[in-house]
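Per-entry structural report
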Amino acid sequence: LLPLLMRLNNLSLMRSLDLHEDPTFVPDVAAEMTEDKSETKNTSDVVKQLIDSRLDSASNGFNFKGIKDYLDCYRSGKLTPSQVAKNIIAMLEDCDKSTPPLRAIVQWDQEQIMQMAEASTARYQNKCTLSYLDGIPVCLKEEFKVVPYYHRVGTVYLGTEPETEDAAAAKKLREAGAVIIGVSNMHELGTGTTGCNPNRYHKVARNPYKTDHFTGGSSSGSAAAVAAGLCPVAIGTDGGGSVRIPASFCGVVGLKGTFGRISSRGSLPLSYSTVSVGPLCTSVADAAIVYSILAEPDPLYPYGQKQPKATLSGMCAPDLKGLKLGVDWTFFKACDAEVLSICEKAVEHLRSLGASVVEVSLPEMEEVKTAHAICILSEMRDFLQPDFNKHFHELNLDTRANLALACQFTALDYITANRQRTRSMRFLQEIFTTVNCILTPAIPCTAPRIYESDLLTGCSDLHFTVQSMRFMQLANFTGIPGLVVPIGYSTAGLPIGFQVMAKWWDEAVLLRIGLKLEQFRCHTKKPSVYYDILA
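Note that the coordinates shown come from a computational prediction; the quantities given were computed from them, not determined experimentally.

Rules behind the numbers
- Residues numbered from 1 in each chain as written.
- Predicted model: local features only at pLDDT ≥ 70, side-chain atom pairs only at ≥ 80, totals over all residues.
- Heavy atoms only, no water.
- Helix = DSSP H or I, 4+ residues; strand = E, 2+ residues; numbered from the N terminus.
- Buried < 20%, exposed > 50% of the residue type's maximum accessible area, 1.4 Å probe, protein only.
- Core = buried A, V, L, I, M, F, W, Y, C linked by side-chain atoms within 4.5 Å.
- Phe/Tyr/Trp six-rings, centres within 6.5 Å; stacked < 30°, edge-to-face > 60°.
- Lys NZ or Arg CZ within 6 Å of the ring centre and 35° of its normal.
- Axes fitted to C-alpha atoms, helices over the stretch in contact; angles between N-to-C directions.
- Parallel < 35°, antiparallel > 145°, perpendicular 65-115°, else oblique.
- Left-handed = near helix turned anticlockwise from the far one by under 90°.
- Contact = heavy atoms within 4.5 Å.
- Nonpolar A, V, L, I, M, F, W, Y, C, P; charged D, E, K, R; others polar.

Digging into unusual backbone geometry
- In the segment running from valine 147 into proline 148, the intervening peptide bond is cis, with an omega of 5°.
- Tracing the sequence through the fold places proline 148 in the loop between strand 2 (137-141) and helix 6 (168-175).
- The peptide bond linking glycine 217 to serine 218 adopts the cis configuration, its omega dihedral lying at 15°.
- As for its placement among the helices and strands, serine 218 is situated in the loop between strand 3 (179-184) and helix 7 (220-227).
- For valine 153, which is not glycine, the phi dihedral falls at a positive 55°.
- Within the fold, valine 153 resides in the loop between strand 2 and helix 6.
- Relative accessible area serves as the criterion here: at 0%, valine 153 is assigned to the buried category.
- The backbone of lysine 203 sits at a positive phi, close to 60°, despite the residue not being glycine.

What follows is the structure, encoded as structure tokens:
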């Protein structure tokens, strides 16, 4: 099958290229020196404004419960973090018994949850909370080490002992007072975009909007947990859309930070040059709050050391005047008609708020697609070589296929792919001198259906994998940040998302545009599986 897969997906493309640029093996970009604008608001002031100004629009129908809703309950004394934790534990038990089981959270511990919640309750009583995340329920993808859970990374053979040390992201969330409700399901070893994982510890996570549809992957359980109301915040990793694809399929917000912006220390280093960490949340404001807490250099993590201070500057501006939004319409339009129609209207919505829409050309996107696939698969194969040899028969079939496909690439393919990265990063540097961001649909289609056979043997559909990553790969390959925001629904009732990408370290402009994109969706559909933890 391998030569056929290579041919069908144009994976030999690098062999026909004659590139002379030096290769860029890691897209770790030093920040441009900019003058410190004294009028720039302090990040904590912006966060306070985001929380204070979030409109209570419950009267307009369903709304996801976000960080502000939890804080209102805690501050007013209506509920304590301990009471909320008890509700979550009851819901987690219910999730496991439901038909079909949601399979969002795959490991949780009642004692751990209550311990964190009780400590938070005491802080609220003593008026000495640690941050805006104090008492907020969160989960982390199983790719992260989280005490005391097993670091299985979606497999049956990894993580044979409980973890004794937290990953950097888990440690930061604990220090902020968050209540970690468990670790979430994922596509085995992050090797796919459906979230289909039939092995005995995980089973297939279900899309809360339609449980016979996939969540997307590989951060499948993280998106399902947020969309189902189990927690307003989840943390995922994104090497080929693995935060943004499930966020889009499950109708929540997903942020992939600039490469190195948030430390991925303590997550399994599957692909060192493409993976970024980011939050999945119920709103853009919540994503901004989590981002502001997690984003900073980690002295024990090699990348992102030269990053500028993470700000939320201009995020609460009343309009988008002065912003230039780039669209490559040929690239943009390669999606299902239903997706295109709503995404075109979203562009017009942003234009109506004062932004100008500028036509840009994204060159060599076919080369980017192939080069990204070569980089991520080669790096995964390199890291997982011992597993492929030793645990081959314990791996899911699609994981075996992907890792076997990675064997087809040569050292020359890998070096040429990284020469392409140098070119693509230079093209983007030029594009970002004329526009502030690039707009695309999030995914060309809506969440695919789950078939009975998928639950037993998994599924391998390289055509779907390539299609789902179409608008995702550029950001992973070059290291720029990307934000996915839900903007509507298909006639079948499945969520449709929209993506904004910006230059390295400019997450603030993404979040500013994201806030305005949220206003485009006139109503939020309630997922068919939804737990109101605050009820």
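Re the nonpolar core
- By size, the foremost hydrophobic cluster in this structure holds 160 residues, and its most contacted members are Leu230, Ile235 and Phe498.
- Ranked by the residues each element gives to this core, the list is headed by helix 12 (residues 365-390), at 11 residues.
- Judged by nonpolar contacts, the second largest core, of 11 residues, contains Ala442, Ala447, Met472 and Leu494.

Thoughts on the packing of aromatic side chains
- Across all of its chains, the model carries 14 aromatic pairs by this definition.
- Summarising the aromatic geometry, the rings of phenylalanine 62 and phenylalanine 64 are spaced 5.1 Å apart at their centres and angled 75° between planes, so their arrangement reads as edge-to-face. Each member of the pair, phenylalanine 62 together with phenylalanine 64, is buried.
- An aromatic cluster of three or more residues is present, and its members are Phe62, Phe64 and Tyr530.
- Across the ring face of tyrosine 201, the terminal group of arginine 200 is positioned such that the distance to the ring centre comes to 5.0 Å.
- When the ring centre of phenylalanine 388 is taken as reference, the NZ or CZ atom of arginine 381 above it lies at 3.9 Å.

Thoughts on the packing of helix 12 against helix 13 (residues 397-406)
- One can describe the packing of helix 12 onto helix 13 by two numbers: an axis separation of 9 Å at closest approach and a directional angle of 115°. When the axes of helix 12 and helix 13 are compared, the pair comes out roughly perpendicular. With respect to the hand of their crossing, helix 12 and helix 13 are arranged in left-handed fashion. In this structure, helix 12 contributes Leu377, Ser378, Met380, Arg381, Leu384 and Phe388 to the contact, and helix 13 contributes Arg400, Asn402, Leu403, Ala404, Leu405 and Ala406.
- Broken down by class, the residue content of the contact of helix 12 with helix 13 amounts to 8 nonpolar, 2 polar and 2 charged.

Function cannot be read off these values alone, since they describe shape.
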